[in-house]
Structure formats: C-alpha cells, structure tokens
Amino acid sequence: EAGVAQSPRYKIIEKRQSVAFWCNPISGHATLYWYQQILGQGPKLLIQFQNNGVVDDSQLPKDRFSAERLKGVDSTLKIQPAKLEDSAVYLCASSTGVNTEAFFGQGTRLTVV
Amino acid sequence: QQPVQSPQAVILREGEDAVINCSSSKALYSVHWYRQKHGEAPVFLMILLKGGEQKGHEKISASFNEKKQQSSLYLTASQLSYSGTYFCGTEMGGYQKVTFGIGTKLQVIP
C-alpha cells in the first residue's frame, strides 16, 4: 500500500516569497491533516479536512497561509508571504476517520532566510 | 490545550523499562501515542479511548485514566529500536482535533 506522498522534500526561500507544498494521501482516506513541526516541538495542527470540507483551521494563520483539497483527494498548502518563523517541517497525514491511526508523510522541510 | 509530557528526556540501557506520562487539564475523550525517529515521520503506536482501557503492542503498552486526565506509555525490556521521540496527542471529543505534547526523547544504549 502506497503511503502519504509529499513534495518537495526540502525548500529554501527568502522571507516575503511564496511557497506551496503538495500532499497525496492514502487512497480512500477521507481525513487529511496539515501539521507544522518546529524543531524540538510536537506537530501542531494547521488544518484538517474531511473529504474536501474544512473541519478545523483554528490554528492556521489565515493572513498568510491557505490550503485546499480539491475533489477530496490531493491537497496543497501555501504560504504567502513567508516569514522567518515559518521555518519548520510541514507534515501531511491522512486517516480513514475519527479516532483512527493517522499515517504521516515524510514532510517538507522549509527554511526561510 | 497542549498536554504535558514527562519526563522530557530519558536514557535507558537495553532491557530496562520506562514510563512516559501525559496529562491534561481538560477532560479527555482519547489519547494518541506516536513515535518519531530523527528525520522521519511520526509513526502510530496506539489510541486509547475514554473508558480507562489499557492497550498493548508487543512490549509497549499504555493506560488511560480519564478521571485523572492522564495516560501513561509503558516500554518494557527496551530495545535499541525504541529510541526516538514519543508524542502523546489528546482529543477532547466532539471533533477530531488532536493536540500533541512537546514529546519525550528516549535513547536506548547498549
């Protein structure tokens, strides 16, 4: 079974530039999550989708971050403009539903300089 | 509300046991445990639901005391492969938002 795919693996950008991350969840998984993990901390939920609807985006900085999940499958997370404090690993995860195992992708390591 | 994990770090020799605790100031519906090795994605260990159940996964088990809003992860006869950072995630019911703690870094040495 293919896992959660993310790209790119690494990205270096200058502050105020924009960047986009892509995630392809496990086939059939209705729930998709984007997490931000700063070095030395636990994953922080940015946004959670159920199919193509947003369940929770309370911790998404909406002035600069946006995310969409078209047709309830692939998802993209965008940052525009980036700030230095956005440097982190961005993890995408998917699951079949409520209180079930979440499968994480390898993440995208973003460095903002 | 981010759960509090303790200890923050622990070093074990192979074969020793360890306990990692996770506590919340809010009533919990479920607790999720994951392990993350350096540079890798978190990997699921187990989920405990409200009801105080205990679960086992080979030599790794966990308990959930909903009255105390606490969960503990037990690692017995530790192996080198157990090294990594262990995260507990808590969910308060009603919706599926899991909030993770800052993690417990565990190192098993020969």
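See above for the structure.
Residues numbered from 1 in each chain as written. Chains lettered and ligands numbered in written order. Predicted model: local features only at pLDDT ≥ 70, side-chain atom pairs only at ≥ 80, totals over all residues. Heavy atoms only, no water.

A word on the overall build of chain A
- Helices and strands together make up the secondary structure of chain A, namely 0 helices and 11 strands.
- For chain A, the succession of helices and strands along the chain, N to C, is β-β-β-β-β-β-β-β-β-β-β.
- Taking 13 Å as the expected radius of gyration for a compact globule of 113 residues, we find that chain A reaches 13 Å, a close match to that expectation.
- With respect to the principal axes defined by its C-alpha atoms, chain A has extents near 35 × 25 × 25 Å.
- Counting across all 113 residues of chain A, residues that qualify as buried make up 46%.
- Contacts in chain A between residues at least 24 apart in sequence constitute 52% of all its contacts with a sequence separation of at least 6.
- Working note: accessible area of chain A is about 5,600 Å², and carbon and sulfur atoms make up 50% of it.
- Counting 12 positive and 10 negative side-chain charges, chain A places the averaged centre of each group 6 Å from the other. (Helix = DSSP H or I, 4+ residues; strand = E, 2+ residues; numbered from the N terminus. Rg over C-alpha atoms; globule rule 2.2 N^0.38 Å. Buried < 20%, exposed > 50% of the residue type's maximum accessible area, 1.4 Å probe, protein only. Contact = heavy atoms within 4.5 Å. Areas by Shrake-Rupley, 256 points an atom, 1.4 Å probe, with all protein chains shown as cover. Lys, Arg positive; Asp, Glu negative; His and termini not counted. Charge placed at Lys NZ, Arg CZ, Asp CG, Glu CD.)

Some thoughts on the pattern of salt bridges
All names here are of chain A.
- Inspection of the entire model under this criterion finds 2 salt bridges over all chains.
- The partner of Asp-57 in a salt bridge is Lys-62, and the shortest N-O contact between them spans 3.7 Å.
- Relative accessible area serves as the criterion here: at 26%, Asp-57 is assigned to the partly exposed category.
- The residue Arg-64 makes a salt bridge to Asp-86 at a minimum N-O spacing of 2.5 Å. Of this pair, Arg-64 sits in the loop between β6 (53-56) and β7 (65-69) while Asp-86 sits in the loop between β8 (75-79) and β9 (88-95); the two residues are 22 residues apart in sequence, bridging distant segments of the chain. Just as Arg-64 is buried, Asp-86 falls in that class too. (Salt bridge = Lys/Arg side-chain N within 4 Å of Asp/Glu carboxyl O.)

Comments concerning the packing of aromatic side chains
- Per the stated rule, a full pass over the model turns up 8 aromatic pairs over all chains.
- Ring geometry for A:Tyr35 against B:Phe100: centres 5.7 Å apart, planes inclined by 65°, an arrangement best described as edge-to-face. One end of the pair, A:Tyr35, is in strand β4 (residues 31-37); the other, B:Phe100, is in strand β10 (residues 99-100), on a second chain. In this structure, A:Tyr35 and B:Phe100 share a single accessibility class: buried.
- Feature note: the residues A:Tyr33, A:Tyr35, A:Phe104, B:Tyr34, B:Phe44 and B:Phe100 constitute an aromatic cluster, connected by ring pairs. (Phe/Tyr/Trp six-rings, centres within 6.5 Å; stacked < 30°, edge-to-face > 60°.)

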